[in-house]
Amino acid sequence: MNMTPYILPLLGAALLSTGVMFYTWQRRSTPNAIALSATAFAITEWLLGYALELSSASLEGKIAWGKLQYIGIALIPVTWFIFSFAHTQPGRRIAPHYAVALFTIPSLTILLALTTEQHGLIWKTMQLAANADIPGLAVTYGPWFWVHSAYSYLILLVGAVLMLRSLRRSHGLYRGQLSALIIGVAAPWLGNILYLSGVSPIPYLDLTPFAFSISVAALAWGIWGIWGYRLIDITPIARDLIFDGLREGVIVINQQGQIVDLNPSATRIIGLPASMVLGKPYSDVLTPWPDLIAWLQTAPDQRLGQEIAIGQGEARIRYAIELDPLIDYQQQTIGQVMTLRHMHHDAPPLRAAPTADTPPQSVEPTLAKPSLWNRLVRLILVETKDDLFIPPTMNRVWYQTQERIFTSMMRLAALLGLIALFMAQTVVFPSAPGVYLINFVIVSSVGLLGIARNIDFAWRRSWFVMVIYGLSLVEIINYGFSLESFTYLFGFIVISALLITNGGGLVALLVSFATLGIAAWLIGTRIYIPRLARIEQISPNTFEYGITSTIAFLAVTSAASFAIHILLRSLNQAWQTETQTRYLLEQERDMLEQRIKERTSQLSLTQQELLQKNADLRKYYRALEQSGNTIVITDIQGNIEYVNPHFVALTGYTMEEAMGKNTRIMKSGEQGPEFYQQLWQTIQAGNIWRGEFHNRRKDGSLFWERATIAPIQDDDGKVTHYVAVKEDITEIRQLQILAEEEHARAEALLLNILPAEIAQRLKLRHSTMEPIADYMPSVSILFADLVDFTTFSARLQPEELVGILDSLFSQFDSLVDVYGLEKIKTIGDSYMVAAGVPKACKDHAILITRLAIDMIRVMTSIQLRIHAAQDTDFAFKIRIGINSGPVVAGVLGRQKFIYDLWGDTVNVASRMESHGQSNMIQVTEATYHLIQQQFICEPRGLIEVKGKGMMPVWVVVGEV
């Protein structure tokens, strides 16, 4: 076993990552916790695997541990993407089929890594690194490794883009969350690029696992950091949906006394936008209220309450202040929440707090026609661009001033550069045309930055900063460390701090430091020689000298950057104070104007307006008197205080008879106590009741009324009366009853013609042209026919014939209903029944056979009754045939409907009846196989069936 100091940071990072994994798993109810826990698990697996690889002394051990690392290597990009999606898209989930697709390439990568000796798709060759300080594993990669790398970089990039887009929309606490995550993913990405490109400072040592130490630290920072970013415990959706919607002003202050979040209501109260408040001490933001600052700085047990006021006199608005501790899941105080609640609800609404893009009010001066010199001056010294896009976090005046100065400087620099190029064209161009053309392109680019004001200023200034950085790189590449290269980099840092804010200056400082550091290493170790420098003038001549120069440059530029930061902070603080004061004064002015308007409006109520109100009241009274509806006003006990003439005409009660009486005088007794109890509960609760009364007139006749009863409330909200507006709907109710009766008769008639299921489908179909047809794979069909009944019917009167058939078929119909079968039709003295339609059933053959047996019993009973009532010797007999099989069922007709069946099964069942014997039930082989366990059947042999040939048939003797 090889013990190397590089193992210690790997084990420390693995331990911290394990803590992150268990912590997030305990909070797996949070939507993004499981994905983050899986990411921490994969990181832990990779770290431990690489630590064991470094500690292994044999080639076989290193290969084994190297292959096992691919479990974490392949899973980290996917779990990171899933976490990024869940954290930045709250309420949305990745569909299962997309999740399967995401894990396809990682799964194949793990499988191919574990079996790489057989195919070489991950590693082609594997050997111990020769001439290396660390006995690492030297491999050459196969084609699938690059597929996996491209996929991993792509999905990491997509996750980072999601985080960056969300970072732009985030506030306070959540910006810290996302910043921690972006740092966490960027560090391993950079380490992996250095390792794969072969420029790692330690050969054969993979820097990616070590970079994960930074990732794990960033995750721990986001979860447990001193700023309390609560990466798992707090998600952005809570703030967006609840915090911003509160009417009260809410300010969140951390333990360091800094404001980390506030809602729009709070920005309106304090008079500053959120961009100028977040991260600032509350003592700097609340300067107009020194008593409030002193109150916040007292001990918690001495805080009895506090108020702040905006304005004076009539324009004064007071706010009550409440301060509560902010406690995390470990019951530890991580900050304070200050709530500002409005104490007067009748005050005018506050104007919105000024934002970064609020333009100042100014008066456009009238200018005389400019001279040629003035035109030239105005061409260079441009006016403020009013339609300039202002980022939400920037001061409009400062941003416009920056753009104006930048544009003027670019135009002036371009003009001077063109003059210089014109004067040097006879000297420089003939000897070095390439240099001349490059300078011309640079000057033209600078001029374009000054002319193209319609391009976003952020892009213009970024392009200018990149041009300066590019010039410094060209100078370093050509001459190494020189006065010009340091000057360019110094300008790069200062201009970045001025144009792109303090954060831009810090980034430029780090980029410059990295550029000088890399140049010092490459030039000082003679890996790279500047192209145009002489050998004896190459600087730095040693790596140590280069690092010393870089540190000295860093110290100077840091001091300059700090001075710029102090200057900008002072300017920003002054602007903040001016903005807050101006806003508060404007707010006080608005409130005074509002009060004046209110008082003026109260005094403007003239006698003409009073007369108009009286005219309106008379108009309303006439409307009540002449209304075609009944209007009744009662006290809270239901005693009548007013009725209109229509009430008298409808009920028969005169106004004198109705006044003072309770509305119970019209009760008919047709509606129960529960009806009136529900009515009174509704109106006594202050709600409107709507319903119908079945009332009684004075003469005792009944009538129907549709009523709306509403409570009448006084200024204090107390119910003093009830008003009822009622409409006579007696005729409508009678028509409804008739319509319901007609509908019921039509429904009954339709059900007598068609099965219930088919009748429902017939009513629901969209068009009469839409067919109703079903294929039934297994049903049983019964045909029955009275033997020689035609000869017997010739001797009967029509009434007698119909009476006998009605009695017989009615009993058959009753049996069909008992067995739940479906009568299809009767033709003369023939009767057709189906089992298994329109609803399928398993025992259709058994049910229809039982029906057939009962039909023969009914025939016997009918014959005995007829013989007893009439002097006849006619023998009533019936033939029954049954067949089972598939049929097609459907409805025919558009005016008169019939439900019928078709198919060979129907035809064969008819043949079974016509080829059968009297008072016998003849069944086919298909039916026999379905009923043979329940009924006793005797074979009749083969019979000739028309259209089918010889068929075996059976006769049902009885039930088992």
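Refer to the preceding data block for the structure.
Conventions we followed
- Note that residues are indexed from 1 along each chain, following the sequence as it is written.
- Note on the predicted model: pLDDT of at least 70 is required for a residue's local features to be given, and 80 or more for side-chain atom pairs to be given and counted; whole-chain, interface and lining totals, by contrast, use all residues.
- Working from all heavy atoms in the structure, the side-chain values ignore hydrogens and water.
- Between Lys or Arg on one side and Asp or Glu on the other, a salt bridge is scored when a side-chain nitrogen of the former is within 4 Å of a carboxyl oxygen of the latter.
- Comment: elements are numbered from the N terminus, with helices defined as DSSP H or I runs of at least four residues and strands as E runs of at least two.
- Only protein chains enter the area calculation, which uses a 1.4 Å probe; residues under 20% of their type maximum are buried, those over 50% are exposed, and those in between are partly exposed.
- Should any heavy atoms of two residues lie within 4.5 Å, those residues are considered in contact.
- A 3.5 Å cut-off defines polar contacts: any pair of N or O atoms within that distance qualifies, except that in protein one atom must be a possible hydrogen donor and the other a possible acceptor, and neighbouring residues in sequence count only when both atoms are side-chain atoms.
- Between the rings of Phe, Tyr and Trp (Trp by its six-membered ring), a pair exists once the centres lie within 6.5 Å; its type follows the angle of the planes, with under 30 degrees stacked, over 60 edge-to-face, and the other angles tilted.
- Geometrically, a lysine NZ or arginine CZ counts as sitting over a ring once it is within 6 Å of the ring centre and also within 35 degrees of the ring normal.

> Is there a simple way to think about the pattern of salt bridges in this case?
Pairing between side chains of opposite charge can happen when the charged atoms of each approach one another. What the rule picks out here adds up to 15 salt bridges. The closest approach of N and O atoms between R706 and E727, which form a salt bridge, is 3.8 Å. You can see R706 sitting in strand β11 (residues 702-713) and its partner E727 sitting in strand β12 (residues 719-728), a full 21 residues away along the chain. Here D900 and K825 are joined by a salt bridge, their closest N and O atoms 3.2 Å apart. Taken together, the positions of D900 in strand β17 (residues 898-902) and K825 in strand β14 (residues 822-827) put the pair 75 residues apart, joining distant regions of the chain. By relative accessible area, D900 is classed as buried at 9%. Among the charged side chains, a salt-bridge network with shared partners connects E692, R706, E727 and R733.

> What is the right way to read unusual backbone geometry from this model?
With the exception of glycine, most residues fall at negative phi, and the peptide bonds are largely trans. V837 connects to P838 through a cis peptide bond whose omega is -10 degrees. Inspection of the secondary structure assignment puts P838 in the loop between β15 (830-835) and α30 (844-869). Even without being a glycine, N919 presents a positive backbone phi close to 50 degrees. Structurally, N919 can be placed in the loop between α31 (904-914) and β18 (920-924). Under the relative-accessibility criterion, N919 is labelled partly exposed at 34%.

> Even after reading the chapter, I still don't get the environment of F693, so can you show me in this structure?
Relative to the assigned elements, F693 resides in strand β10 (residues 689-696). Take F693: its relative accessible area is 8%, and that puts it in the buried class. When the C-alpha positions of F693 and R706 are compared, they lie 6.4 Å apart, and in sequence the two are 13 residues distant. Ignoring sequence-local partners within four residues, the contact set of F693 consists of Q671, F675, Y676, L679, F703, W704, E705, A707, I709 and K726.

> Just to check I follow, could you spell out the side chain of T905 for this structure?
With respect to the helices, strands and loops of the structure, T905 is situated in helix α31. Given a relative accessible area of 6%, T905 falls into the buried group. Here P886 takes part through its backbone oxygen, which lies 2.8 Å from a polar atom of the side chain of T905. What T905 contacts, discounting residues up to four positions off in sequence, is I781, N883, S884, G885, P886 and V887.

> Just checking my understanding: could you explain the side chain of H694 for this structure?
Mapped onto the fold, H694 is located in strand β10. The buried category is assigned to H694, whose relative accessible area is 13%. The residues contacting H694, other than those within four sequence positions of it, are S668, E670, Q671, L702, F703 and W704.

> How should I be thinking about the packing of aromatic side chains in this particular structure?
A complete count under the given rule lists 18 aromatic pairs for this structure. When the ring of F145 is compared with that of W146, the centres are 5.1 Å apart and the planes differ by 80 degrees; the resulting orientation is edge-to-face. The structure contains a cluster of three or more aromatic residues connected by ring pairs, namely F675, Y676, W689 and F693. Here K667 stacks its cationic end above the ring of Y676, 4.5 Å away from the centre of that ring.

Bear in mind that shape data such as this cannot, by itself, settle questions of function.
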